[in-house]
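In case you want the letters, here they are:
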Amino acid sequence: MNSEAGSAFGMKVSTAATFEVRSARRGTIYEALNSVNRKRPRRVNPGWKLVPVVAASGFAGLGYEIVWTRELSLALGTEMMAVLGAVAGFFAGLALGAFTLDGPIRRARSPYVVYAVLETVIGLWGLISVWLLPSVGRALPPLLGTEPAPALLWAASFAFPALALLPATAAMGGTLTALERMMTTARGDASVSAGVYGANTGGAVAGTLISTFLLLPALGLSGTLLCLAGLNMACAVSALALGPTASQAPTPAGEAQPQRAEQLRLTLTLFTTGLLGIAFEVLVVRLAAQAMQNTIYTFAGLLAAYLLGTAAGGLIWQRTGRPARNSSLGWLLGGTALACLATAALAPYIARIAATAATLGVAGELGVAIALFLVPSALMGALFGYLAQRMRDQRGSLGWAVGINSVGAALAPLLTVLFLIPTFGAWTALIPVALGYLLLVPLRREALVWCAVPAVAGLILWVRPAPSLVRVPAGGKLLAVREGPMATASVVDDRSGARYLEVNGHFRMGGTSSVRSDYRQAMLPLLLHPAPHRALFLGVGTGATLVGGAQLPGITARGVELSPEVVKLLPWFVNPSAPRPAPPVTVADARRYVAADTGQYDVIIADLFHPALDGSGSLYTTEHFAAVRKRLAPGGLFCQWLPLYQLDLPSLRAIIRGFLDVYPGGSAWLAHYSVRTPMLALIGPRDRAHLDLDALAARLGDPAVSAVARPIGFEVPMDVLGQYVGGARTLAALAGEGPRNTDDYPFVTLDASRNVRALTAPPFALLLAVTGMTQPDPTELLGEPKRDALAKRLTAYWQARNRFLEAGASLRGDPRGLALVEAASPGLLDAIRLSGEFNPAYHPLIGMARALMTSNRDAAVRLLREINDAAPSRDEARQLLSREPGE
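Thresholds applied
- Residues numbered from 1 in each chain as written.
- Predicted model: local features only at pLDDT ≥ 70, side-chain atom pairs only at ≥ 80, totals over all residues.
- Heavy atoms only, no water.
- Helix = DSSP H or I, 4+ residues; strand = E, 2+ residues; numbered from the N terminus.
- Contact = heavy atoms within 4.5 Å.
- Areas by Shrake-Rupley, 256 points an atom, 1.4 Å probe, with all protein chains shown as cover.
- Buried < 20%, exposed > 50% of the residue type's maximum accessible area, 1.4 Å probe, protein only.
- Pairing = 2+ DSSP bridges.
- Expected span 1.5 Å × (residues − 1).
- Arc of directions from axis to C-beta.
- Axes fitted to C-alpha atoms, helices over the stretch in contact; angles between N-to-C directions.
- Salt bridge = Lys/Arg side-chain N within 4 Å of Asp/Glu carboxyl O.
- Polar contact = N/O pair within 3.5 Å; in protein donor to acceptor, adjacent residues only side chain to side chain.
- Phe/Tyr/Trp six-rings, centres within 6.5 Å; stacked < 30°, edge-to-face > 60°.
- Lys NZ or Arg CZ within 6 Å of the ring centre and 35° of its normal.
- Core = buried A, V, L, I, M, F, W, Y, C linked by side-chain atoms within 4.5 Å.
- Patch = residues over 30% accessible without salt bridge, like charges linked within 9 Å, V, L, I, M, F, W, Y side chains within 5 Å.
- Parallel < 35°, antiparallel > 145°, perpendicular 65-115°, else oblique.
- Left-handed = near helix turned anticlockwise from the far one by under 90°.
- Nonpolar A, V, L, I, M, F, W, Y, C, P; charged D, E, K, R; others polar.

**Student:** Can you help me understand the overall build of the protein chain in this one?
**Tutor:** For the protein chain, the helix and strand inventory stands at 35 helices and twelve strands. A separation of at least 24 residues holds for 81% of the contacts in the protein chain among residues at least 6 apart in sequence. Accessible surface, the protein chain: about 33100 Å² in total, of which carbon and sulfur atoms supply 61%.

Put into structure tokens, the structure is as follows:
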């Protein structure tokens, strides 16, 4: 299956990288205001009225970053190069605004008017982006093609956000200077930085949490953008109402110009701290993905924790009243390095900590995020405030400090995923990143003292073996690991010898014990098509579904998988010496691949995607279903598999509503009758038509097809028809009225908390709810006259199936021998009373009787009599009884 873990990571990298700049801007304002004369008498002053404006500005800025990051991922995909390009493009706009607008804003007569103009530009472009980003996003994939070169994908992903969002991002980069002048004008010489910084950062934290937990669920992406644009306009109006239309432009202080070497050192330090800070953040997010649930709310917690730390660092630095002295730089750099190393030492225990905190839900994940980020980000916030103050003192410019820092931050993700992780590994890479701060310490004795402790700590961590974050069950063993920038994939053997594929330590993607089920996932939709030739598989996982489908004669199959690490591990599950070579697999984002492809397919099969995982919900949207429909050949069909053991009912209903909008002739089918990992297939035909029963019977009768289908339980048409749950009318009644899962309103993504809770419920809970609320109708499945001939048999078979599922769900523990017979046989007997041809119940009963013959003949005879009485139309039980004396 397509590895959604990479998608979640990609979104986190993109937005996590952008919020450091806004945090930096707040820190710069804060430190700039600290430069006023503290010794002036305290006086009442109207500057406090600007605090709500500063807070609202922080709120809107973080809200935009969250929404735009999600929209960019929908347009560009979540491959590594696409994510890196989008991050760099966003930073380019911020840096450009910081560099180019700094001087004009400082020379302007009224900072209030300038600030109002900037907020208006941001708000107007926020409104335009409601239409612009989706429109450009739809046009871009066909231009790139299905397999663009990495450099082309990066360049396109850089250019798209850089150009499409440039007016807004440049204006964001220029607000720093305007805010600094506004507060200076309002408060005169008074020190106001603590209040301003607290309000601004509080607004940013509130923007992160409220946008994610309230605005997006209530309004969707477009509605949230409209709300944020309104907030920008409110900030602009408030600034004009609170400030004068003109004021005297500041006169540069007559300070001696610093030496060129000192300026160069400061510039290099600002650049490098931006690069190291974001690199650290990317690595921690990457490691957190191996322990936390990786929902949209997980990311909001990580983001809020980072902002809280940055705010705390800047606020503590301000209240200590330290001037920007060279002596402070040594301990700030040394302390930051030590804090980063402390997080590295904590990282191997993230899984344990996260498991303990899981009972607290979202609050528990926020606690884990704070443990990872709070101390390092607090020191980073204080460090940037110090450096920004130095830059302002030297050049009279805060914009240049932000711009230089932004350039370093823009390059950090590229350096991290292309060099640090491949060279060192995600955990070990934290050590050189942390020690990188020590290289910036001035070569003075008092400063170098602060290097000793972090240098020793880094050396100790470096010589120790890197910890494995892959969880190996007791009695099992780790066979292979592939660690990449987006995910860690591993092959594990459990105690029984079953081999399985796992991504990021807790997302199991199939294995040797599920091969039969995986084959059925391919075979069912391929059998429902009368004559398939070309098949596309979205999501590969272990490759069993893809290989199973390719075994059918006449099928040309191709797979698409997001994670290159998963593809590298396919040889552990796919036999390279098999008679038929494994089908080709393209490493690509499934959404972007489908949008870019120009081919036509008879059958497209989308594998199981973890619904709670941030990013995977986009593979269940109405827009994606419509894009898939365009790739279907005449008479083609689309199969979307749904993991009922990972879904809650509201998400299932939202997916079904959207599916029926695109495929009005859609239907639902089961993969098998297991209650441990129940799966539901939504089958959407391009052209509405009843099932061709004669074609199905002919294909199952073909010896070449039978050789593949019979071993996995598809022997006669009834074996296939028995999986049917309902047609379009039945599904519409099940779904009812309500929201669809769309790109603009990602219901499944936002329903992540309930889908996570569904993992702790019995795996069969939603399955039984679906079968209990639906009544399959033969008239929706078959045309006349087949319908009339089979209607009674099908109805009885479906009733037997539902009773069989209930019996399986009621079975507790792992009973053996006579205990198993006593526990399981009543439900199985009920099933065959409803339909004697329901083999999934009849065959196990006969097997139980045969097994009892050697240990408890009387019990075996009693069971055979009960089987014969329940299904008198079959003679297997009578034949066994006839061999017994007295029968």
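Read on for the rest.
**Student:** What should I look at first to understand the pairing of strand β2 (residues 488-493) in this one?
**Tutor:** On any regular strand, side chains alternate: one points to one face of the sheet, the next to the other face. Within β2, six of the six residues are buried, which leaves it mostly tucked inside the rest of the structure. Here β2 shows no split at all, with Thr488, Ser490 and Val492 on one side and Ala489, Val491 and Asp493 on the other all buried. Direction of pairing for strand β1 (residues 477-483) relative to β2: antiparallel, over a ladder of six bridges. Bridge pairing in β2 links Val481 to Ser490. In terms of strand pairing, β2 meets strand β3 (residues 499-503) through five bridges, oriented antiparallel. Bridge pairing in β3 places Ala489 opposite Val503. Here β2 hands over to β3 after five residues, with Gly497 in that stretch at a positive phi of 95°.

**Student:** Teacher, can you tell me more about helix α16 (residues 452-463) here?
**Tutor:** At 3.6 residues per turn, the α-helix brings residues three or four places apart onto the same side. With twelve residues, α16 should reach 16 Å at 1.5 Å per residue; the first-to-last C-alpha distance of 17 Å fits that figure. Within the span of α16, buried status applies to Pro454, Gly458 and Leu461. Considered in projection along α16, the buried side chains sweep an arc of 65° and stay on one side of the axis. In α16, the exposed positions angled more than 90 degrees off the buried face are occupied by Val453, Leu459 and Val463.

**Student:** How do you make sense of the sheet that holds strand β7 (residues 585-587) when you look at a structure like this?
**Tutor:** In a beta sheet, neighbouring strands are held together by backbone hydrogen bonds and run either parallel or antiparallel to one another. With mixed pairing, the eight strands of this open sheet are ordered in space as β7-β6-β5-β8-β9-β11-β10-β12. Whereas interior strands pair on both sides, the edge strands pair on one side only; in this sheet they are β7 and β12 (724-726). When strand polarity is set aside, the average angle formed by the axes of neighbouring strands in this sheet is 20°. Alignment of strand β6 (residues 556-561) against β7, held across three bridges, turns out to be parallel. Looking across to β7, one finds that Glu561 is bridged to Val587. In this fold helix α17 (residues 515-528) packs onto β5 (534-538), β8 (601-606), β9 (632-643), β10 (667-670) and β11 (679-685), with an angle of close to 150° to the strand it touches most, β9. Against the sheet, helix α26 (residues 728-735) contacts β10, β11 and β12, and its axis sits at roughly 60° relative to β12.

**Student:** I would appreciate a short explanation of the pattern of salt bridges in the present structure.
**Tutor:** Close approach of charged atoms allows side chains with opposite charge to pair. Summed over the entire model, instances satisfying the criterion amount to 16 salt bridges. Where Arg874 meets Glu876, a salt bridge forms, and the shortest distance between an N and an O atom there is 3.0 Å. Residue Arg874 is classed as buried on the basis of its relative accessible area of 14%. Taking relative accessible area as the criterion, Glu876 reaches 27% and is therefore assigned partly exposed.

**Student:** Any chance you could explain helix α23 (residues 693-701) here in plain terms?
**Tutor:** Every buried residue belonging to α23 is among Leu693, Ala695, Leu696, Arg699 and Leu700, and all of these are buried. Seen from one end, α23 has its buried residues packed into an arc of 160°, which puts them on one side. Pointing more than 90 degrees away from the buried face of α23 are the exposed residues Ala698 and Gly701. Where α23 is buried, its residues contact α17, α24 (703-709), α25 (717-721) and α31 (786-810). One side-chain oxygen at the N-terminal end of α23 lies 3.3 Å from the backbone nitrogen of Asp694; it belongs to Asp692.

**Student:** Can you help me understand unusual backbone geometry in this one?
**Tutor:** Most of the time, phi is negative for any residue but glycine, and the peptide bond is trans. Of note in the backbone geometry, Asn294 takes a positive phi value of approximately 60° without being a glycine. Summarising the element assignment, Asn294 is placed in the loop between α8 (260-288) and α9 (296-319).

**Student:** Would you take a moment to explain the side chain of Thr428 for this structure?
**Tutor:** Its place among the elements puts Thr428 in the loop between α13 (399-424) and α14 (430-436). Judged by its relative accessible area of 15%, Thr428 falls in the buried class. In this structure Thr428 touches Trp462 and Ala466, once residues within four positions along its chain are discounted.

**Student:** Please clarify how the sheet that holds strand β4 (residues 507-511) should be interpreted in this entry.
**Tutor:** With antiparallel pairing, four strands are arranged side by side in an open sheet as β1-β2-β3-β4. Two strands close off the open sheet at either side, each with one partner strand: β1 and β4. Sheet twist, expressed as the average angle between the axes of neighbouring strands with direction ignored, equals 20°. Sheet topology note: the β3/β4 ladder contains three bridges and is antiparallel. Residue Tyr500 lies in a different strand from β4, and its bridge partner there is Gly511.

**Student:** Sorry if this is basic, but what is going on with the packing of aromatic side chains here?
**Tutor:** The full count for this structure, using the stated rule, is 20 aromatic pairs. Relative to Tyr724, the ring of Trp669 lies with its centre 5.0 Å away and its plane at 70°, an arrangement referred to as edge-to-face. You can see Trp669 sitting in strand β10 and its partner Tyr724 sitting in strand β12, a full 55 residues away along the chain. The interplanar angle of 45° and the centroid separation of 6.3 Å between the aromatic rings of Tyr745 and Phe747 together place this pair among those described as tilted. Of the residues examined, Tyr745 reaches a relative accessible area of 22% and is grouped as partly exposed. By relative accessible area, Phe747 is classed as buried at 13%. The rings of Phe625, Phe638, Phe659 and Tyr663 are connected pair by pair, giving a single aromatic cluster. Taking the ring centre of Tyr842 as reference, the NZ or CZ of Arg874 above it sits at 4.0 Å.

**Student:** Can you walk me through the nonpolar core in this structure?
**Tutor:** Nonpolar side chains tend toward joint burial in soluble globular proteins. Grouped together as the largest cluster of nonpolar side chains are 130 residues, with contacts concentrated most on Tyr64 and Trp68. If near-sequence neighbours (up to four positions away) are discounted, Trp68 is found in contact with Phe90, Gly126, Ser129, Leu133, Leu165, Ala168, Met172 and Leu225. The next biggest cluster of nonpolar side chains, apart from the first, holds 121 residues, and it includes Leu647, Met718, Leu766 and Ala824.

**Student:** Would you take a moment to explain the side chain of Ser377 for this structure?
**Tutor:** Its location among the elements puts Ser377 in helix α12 (residues 362-395). In contact with Ser377, other than residues within four places in its own chain, are Ala305, Tyr306, Gly309 and Thr310.

**Student:** For this particular structure, what's the right way to read a nonpolar patch on the surface?
**Tutor:** On the surface, Val113, Val117, Val121 and Leu240 cluster together into a nonpolar patch covering about 280 Å² of accessible area. Among the elements that line the nonpolar patch, the one with the most residues is helix α4 (residues 111-144), at three residues. Residue placement: Val117 occurs in helix α4.

**Student:** Please explain the packing of helix α22 (residues 649-662) against helix α29 (residues 765-773) as it appears in this structure.
**Tutor:** For any two helices packed against each other, one specifies the crossing angle of their axes together with the interaxial distance. Viewed as axis vectors pointing N to C, α22 and α29 meet at an angle of 55°, and their least axial separation amounts to 11 Å. When the axes of α22 and α29 are compared, the pair comes out oblique. Two packed elements cross with a definite hand, and for α22 against α29 that hand is right-handed. Contacts between α22 and α29 involve Leu649, Leu652 and Arg653 on the former and, on the latter, Leu766, Val770 and Met773. Classifying every residue of the contact of α22 with α29 by side-chain character gives five nonpolar, no polar and one charged.

**Student:** Is there a simple way to explain the packing of helix α2 (residues 51-76) against helix α5 (residues 150-164) in this structure?
**Tutor:** At a closest axis distance of 11 Å, the pairing of α2 and α5 adopts a crossing angle of 140°. Taken as axis vectors, α2 and α5 run oblique relative to one another. For the element pair α2 and α5, the recorded crossing hand is right-handed. On the side of α2, the interface is formed by Leu72, Ala75 and Leu76, while α5 contributes Ser157, Phe160 and Pro161. Partitioning the contact of α2 with α5 into residue classes produces five nonpolar, one polar and no charged.

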